[in-house]
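Examining the three-dimensional arrangement
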Amino acid sequence: MTTLDQQPLWQPDQQRLQHSALNRFWQQARALSGLPLPDYRALHQWSVNEPEAFWNLVWDFSALQGEKGAEVLERAERFRDHRWFPQARLNAAENLLPRHDDHTALISVDEAGQRHQISYSELRVAAGQVAAQLHDAGVRPGDRVAGYMPNRIETIIAALGAAWIGAIWSSCSPDFGVQGVLDRFGQIEPKVLFACDGYQYNGKWIDLGERLQTLREQLKPELLVVIPGRGKASNVHAALPWSEWLDAAGPAPAFAALPFDHPLYILYSSGTTGAPKCIVHGAGGTLIQHAKEHRLHGDLGADDVLFYFTTCGWMMWNWLVGGLQSGATLVLYDGNPAYPDASRLFDLIDTEGVTHFGTSAKFVQAVEKAGIEPIKSHSLETLRVLYSTGSPLLHESYDFLYQKVKPDLLVSSISGGTDIISTFALGNPMLPVHRGELQCLGLGMDVAVFDDDGQAVSGEKGELVCRTPFPCCPVAFWNDPDGQRFQDAYFERFASLGMDIWAHGDYAETVAHEGHDGLIIHGRSDAVLNPGGVRIGTAEIYRQVETLPQIREAVVIGQQWQGDVRVVLFVVMAGDAILDDDLKQTLRQTIRDGASPRHVPAVILEVPEIPRTVSGKIVELAVRDIVHGREVRNRNALANPDALAHFANRPELAE
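Residues numbered from 1 in each chain as written. Predicted model: local features only at pLDDT ≥ 70, side-chain atom pairs only at ≥ 80, totals over all residues. Heavy atoms only, no water.

What to know about the overall build of the protein chain
Using the following cut-off: Strands are runs of DSSP state E lasting at least 2 residues, helices are runs of H or I lasting at least 4, and numbering of each runs from the N terminus. Computation of the radius of gyration draws on C-alpha atoms alone. For the globule rule, the value is 2.2 Å times the number of residues to the power 0.38. Residue exposure (1.4 Å probe, protein chains only): buried if accessible area is under 20% of the type maximum, exposed if over 50%, otherwise partly exposed. Only heavy atoms enter the contact rule, under which two residues are in contact if any of them lie within 4.5 Å. All accessible-area figures derive from a Shrake-Rupley calculation using a 1.4 Å probe, and residue coverage is judged against the displayed protein chains alone. In this tally, Asp and Glu contribute negative charge and Lys and Arg positive charge; neither His nor the terminal groups of the chain are included. A charge is said to be at NZ when it belongs to Lys, at CZ for Arg, at CG for Asp and at CD for Glu.
Tallying secondary structure elements over the protein chain gives 20 helices and 31 strands in all. Taken against the 2.2 N^0.38 rule, which gives 26 Å for 655 residues, the C-alpha radius of gyration of the protein chain at 24 Å falls within 12% of a compact globule. Taken over 655 residues, the protein chain has a buried fraction of 61%. Put simply, 69% of the contacts in the protein chain that link residues at least 6 apart link residues at least 24 apart. Summed over its atoms, the accessible surface of the protein chain is roughly 24800 Å², and 46% of this surface lies on carbon and sulfur atoms. For the protein chain, the distance from the average position of its 55 positive side-chain charges to the average position of its 81 negative side-chain charges is 1 Å.

This is the structure we're talking about:
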């Protein structure tokens with residue numbers, strides 16, 4: 001059982017308690033249910049016990065546009081076959097364009113400092129032009145439209161235009177190489193490809209012209225529309241220039257009214273253990289889940305400014321786009337978040353008046369290790385909520401955020417993923433923030449932690465599950481006609497016990513507080529270490545190691561050794577630090593004192609870099625395979641595949 005500091009780091013003030021959207025929703029839930037619902041635990045329990053009443057209320061509260069229909073949930077024998085709002089007809093683009101006024105919808109800033117903005121009325125016109133051109137080109141509901149694009153305004157315009165007519169949008173960021181793009185788009189065969197011919201990163205211009213020619217030849221889209229990375233012209237052969245193509249558009253067609261589960265997005269698994277899985281998400285489930293998370297859990301309103309540092313190849317881009325449904329302003333950033341220095345994104349908060357700021361746990365650590373103290377160098381007057389995801393937020397990072405960034409800040413560590421295009425656990429404007437914890441389980445998500453016998457446990461580590469169906473469950477996997485890959489991915493874990501529940505693949509622990517339950521993520525369950533039969537989450541080791549100033553980052557694996565498993569830690573040094581015997585002893589003692597003797601690595605080795613996916617996640621399983629002499633089947637999924645060579649054939653691991 002994990003012992004945590006029980007004194008909260010942050011408590012909501014009366015303003016948030018009384019005037020948050022969640023409080024208004026809570027009052028309506030009390031009136032609807034006839035129950036007192038005295039605390040969040042009771043509200044959450046009602047939301048999972050009465051899913052029809054809860055999700056119907058979310059639809060109405062969020063003012064989703066469309067025909068709702070009389071039935072909320074059509075139940076089925078299998079978890080995955082439940083159908084939400086089976087009679088509903090709606091359109092995602094219409095819901096993501098709730099305003100018709102001159103309020104700013106999107107602000108785009110790139111690394112070089114170029115800034116552009118567009119209002120809701122202008123965004124509606126531009127998306128309508130894309131819709132008209134796609135429709136006139138023969139694109140119909142269910143056709144795939146892909147984007148090989150940086151995070152900029154045109155990307156969202158193209159995605160909205162596709163959704164307008166019922167096409168399915170899928171995107172990769174331009175830092176994917178050709179094979180990485182083909183591994184993804186090659187499976188879904190897009191009819192139209194939107195692409196940028198170059199972008200800037202870390203002060204350098206990256207030309208994509210040759211890549212685009214190869215992609216055009218391999219994918220054979222019927223249309224290739226190119227957005228110039230700089231200037232107004234592009235030299236890509238056989239491509240339609242964005243501005244001219246848009247200007248030639250006729251009148252916008254009517255929004256396509258489509259079923260609730262009509263596909264909206266195709267996202268991709270990391271692909272580090274084989275070809276990426278193509279995960280199809282429905283429009284209705286995505287919209288209603290994002291509306292719930294933004295409005296209720298994030299208290300995002302029409303006058304707020306939402307930023308999340310993300311590329312178009314990560315599901316947080318789709319989540320960010322979902323903020324449009326609240327009528328808020330979105331800030332997009334393209335480039336290195338630490339260029340020219342690690343204070344760049346804090347500059348953005350002040351210049352753009354960001355109220356909700358999203359980043360990764362690794363970025364927070366990098367800012368701290370860079371010695372930056374935004375509380376001294378920046379105003380941050382508008383900032384109310386800070387989101388963090390991608391990996392568990394270190395306990396010490398909570399301290400840094402409250403001491404060195406802003407004390408009156410809702411630190412909202414969130415966890416979910418590509419599989420659900422949203423979260424299972426996240427923040428709450430009406431609950432305290434406890435060090436090391438995600439504040440609460442998401443409303444409507446029947447989340448629990450199970451032991452190996454399929455029993456729910458509290459205060460113990462186990463598998464994160466969702467026991468009952470939820471609207472943002474994927475519609476399907478692409479090219480999975482019998483649904484077996486889908487079934488195996490999420491429902492195989494407890495099938496031998498006769499249980500049909502979603503197992504998410506996270507090693508987690510619930511923490512009971514008065515009136516609500518927090519959650520701790522200890523790492524991925526498939527990367528759990530098991531020395532001497534004791535299960536150890538990798539996040540518990542990273543928490544200790546990465547607080548040391550000499551260590552920039554680390555990756556830990558379990559190596560099969562003499563009939564057991566031993567813990568092996570690889571570290572990347574910071575600055576001029578040297579991994580000598582004294583530092584190794586410090587590392588071992590720090591881990592022993594902060595975690596347990598079972599966590600102490602048997603071997604500590606230095607590497608110059610750690611392999612990551614393009615979205616920045618450490619690939620522990622790939623490192624483990626390399627150490628054991630197994631082939632990593634899909635190196636194209638990695639941003640830096642050559643880094644794997646640093647882990648292969650290490651003589652220290654044969655001793």
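Let us keep going from here.
A few points about the packing of helix α8 (residues 178–188) against helix α9 (residues 209–219)
Our working rule: Simply put, an axis is a line fit to the C-alpha atoms, just over the touching stretch for a helix, and the angle between two N-to-C directions goes from 0 to 180 degrees. Orientation labels follow simple angle bins: below 35 degrees gives roughly parallel, above 145 gives roughly antiparallel, 65 to 115 gives roughly perpendicular, and whatever is left gives oblique. Each crossing gets its hand from how the near helix is turned against the far one by less than a right angle, where anticlockwise is left-handed and clockwise is right-handed.
It is the contact of α8 with α9, at a shortest axis distance of 11 Å, that shows an interaxial angle of 30 degrees. Considered as vectors, α8 and α9 are oriented roughly parallel to each other. Both α8 and α9 take part in a crossing whose hand is right-handed. In this structure, α8 contributes V178, V181, L182, F185 and G186 to the contact, and α9 contributes R211, T214, L215, Q218 and L219.

What about the pattern of salt bridges?
To keep it simple, the criterion reads: Every case where a carboxyl oxygen of Asp or Glu lies within 4 Å of a side-chain nitrogen of Lys or Arg is listed as a salt bridge.
A complete count under the given rule lists 25 salt bridges for this structure. Where R16 meets D408, a salt bridge forms, and the shortest distance between an N and an O atom there is 4.0 Å. One end of the pair, R16, is in helix α1 (residues 14–19); the other, D408, is in the loop between α16 (395–405) and β20 (410–413), and 392 residues separate them in sequence. Judged by relative accessible area, R16 falls into the buried class, the value being 11%. Ionic pairing is found between D261 and R83, a salt bridge with its closest N-O pair at 3.7 Å. Of this pair, D261 sits in the loop between β13 (258–259) and β14 (263–268) while R83 sits in strand β2 (residues 83–84), placing them 178 residues apart in sequence. D261 sits in the partly exposed class, given a relative accessible area of 33%. In this structure R83 comes out as partly exposed when scored by relative accessible area, which is 33%.

Brief notes about α8
Across the 11 residues of α8, eight count as buried, placing the element largely inside the fold. Along α8, the positions that sit buried rather than exposed are G180, V181, L182, D183, R184, F185, Q187 and I188. Summarising the contacts, the buried residues of α8 are in contact with β6 (144–148), β7 (168–172), β8 (192–196), α9, β14 and β15 (278–282). Just downstream of α8 lies E189, where phi reads positive at about 50 degrees.

A closer look at a negative patch on the surface
The criterion, for reference: Candidates for patches are residues over 30% relative accessible area with no salt bridge; among them, like charges are joined within 9 Å and nonpolar side chains (Val, Leu, Ile, Met, Phe, Trp, Tyr) within 5 Å.
Residues D341, D347, D350 and E381 make up a contiguous surface patch of negative charge. Here D347 lies in helix α13 (residues 344–352). Classification of D347 by relative accessible area gives partly exposed; the value is 30%.

Here's the deal with the packing of aromatic side chains
The condition is simple: Classification of ring pairs rests on two measures: the distance between centres of Phe, Tyr or Trp rings, Trp counted by its six-membered ring, which must be within 6.5 Å, and the angle between planes, read as stacked under 30 degrees, edge-to-face over 60 and tilted in between. Here, a charge over a ring means that NZ of Lys or CZ of Arg falls within 6 Å of the ring centre while also lying within 35 degrees of the ring normal.
Taken as a whole, this structure holds 37 aromatic pairs when the rule is applied. Seen from their ring centres, F424 and F470 are 5.6 Å apart, and the 85 degrees between their planes marks the pair as edge-to-face. Taken as a pair, F424 in strand β22 (residues 422–426) and F470 in the loop between β25 (462–466) and β26 (476–477) lie far apart in primary sequence, 46 residues in all. Accessibility classification places F424 together with F470 in one group, the buried group. Look at Y490 and W502: their rings are 4.0 Å apart centre to centre, the planes differ by 10 degrees, and that puts the pair in the stacked class. Separated by 12 residues along the polypeptide, Y490 in helix α17 (residues 484–491) and W502 in strand β27 (residues 502–513) bring together distant segments of the chain. Judged on exposure class, the residue Y490 and its partner W502 are both buried. Put simply, the rings of F79, F424, F470, F477, F486, Y490, F491 and W502 pair up and form one aromatic cluster. The ring of F494 has R493 sitting right over it, with the charged end atom 4.5 Å from the ring centre.

With respect to the environment of N634
Topologically, N634 is positioned in the segment after α20 (620–627). Under the relative-accessibility criterion, N634 is labelled buried at 5%. Spatially, the C-alpha atom of N634 lies 35 Å from that of G427, the residues being 207 residues apart in sequence.

Examining the sheet that holds strand β30 (residues 564–573)
As a reminder of what qualifies: By the convention used here, strands pair only if DSSP detects at least 2 bridges between them.
Pairing is mixed in the open sheet, where three strands are placed in the order β29-β30-β31. This sheet does not close on itself; its edge strands, each paired only once, are β29 (551–561) and β31 (603–606). Across the sheet, the axes of successive neighbouring strands diverge by a mean angle of 25 degrees, strand direction being ignored. Inspection of the sheet shows β29 paired to β30 by 10 bridges, in the antiparallel sense. Residue pairing in the sheet places G558 in a bridge with V567 of β30. Running over the sheet, helix α18 (residues 538–545) touches β29 and β30 and is turned about 140 degrees from β29.

Points about helix α2 (residues 21–33)
Because an α-helix packs 3.6 residues into every turn, residues spaced three or four apart end up facing the same way. Selection rule: To estimate the expected span of a helix, subtract one from its residue number and multiply by 1.5 Å.
Look at α2: 18 Å from first C-alpha to last across 13 residues, which is about the 18 Å you get at 1.5 Å a residue. What α2 keeps buried is the set A21, L22, N23, F25, W26 and A29. One or two steps after α2, the chain reaches G34, where phi turns positive at roughly 70 degrees.

Here we look at the environment of S458
Within the secondary structure, S458 sits in the loop between β24 (447–450) and β25. The class of S458 is partly exposed, set by a relative accessible area of 45%. A sequence separation of 53 residues divides S458 from V511, and the C-alpha atoms of the two residues are 6.3 Å apart. If sequence neighbours within four positions are ignored, S458 has contacts with T510 and A512.

Section: the sheet that holds strand β28 (residues 516–524)
Taken together, the four strands give an open sheet; going across it, the order is β24-β25-β27-β28, and neighbouring strands pair in antiparallel fashion. With one partner strand each, in any of the chains shown, β24 and β28 form the two edges of the open sheet. Between one strand axis and the next, the sheet turns through 50 degrees on average, direction left out of account.

Things to note about the pairing of β14
Here β14 lies mainly inside the structure; five of its six residues are buried. Bridge count between β14 and β15: five bridges; the pairing is antiparallel. Each residue of the ladder has a partner; that of L267, found in β15, is I279.

Re the nonpolar core
Selection criterion: Throughout, nonpolar core names a set of buried Ala, Val, Leu, Ile, Met, Phe, Trp, Tyr and Cys residues whose side chains join them through atoms within 4.5 Å.
L134, F194 and L324 are the most contacted members of the largest nonpolar core, which totals 125 residues. A per-element tally of this core places helix α7 (residues 153–164) first, with nine residues. Core analysis: the second largest hydrophobic core is formed by 39 residues, V567, V571, V603 and L644 among them.

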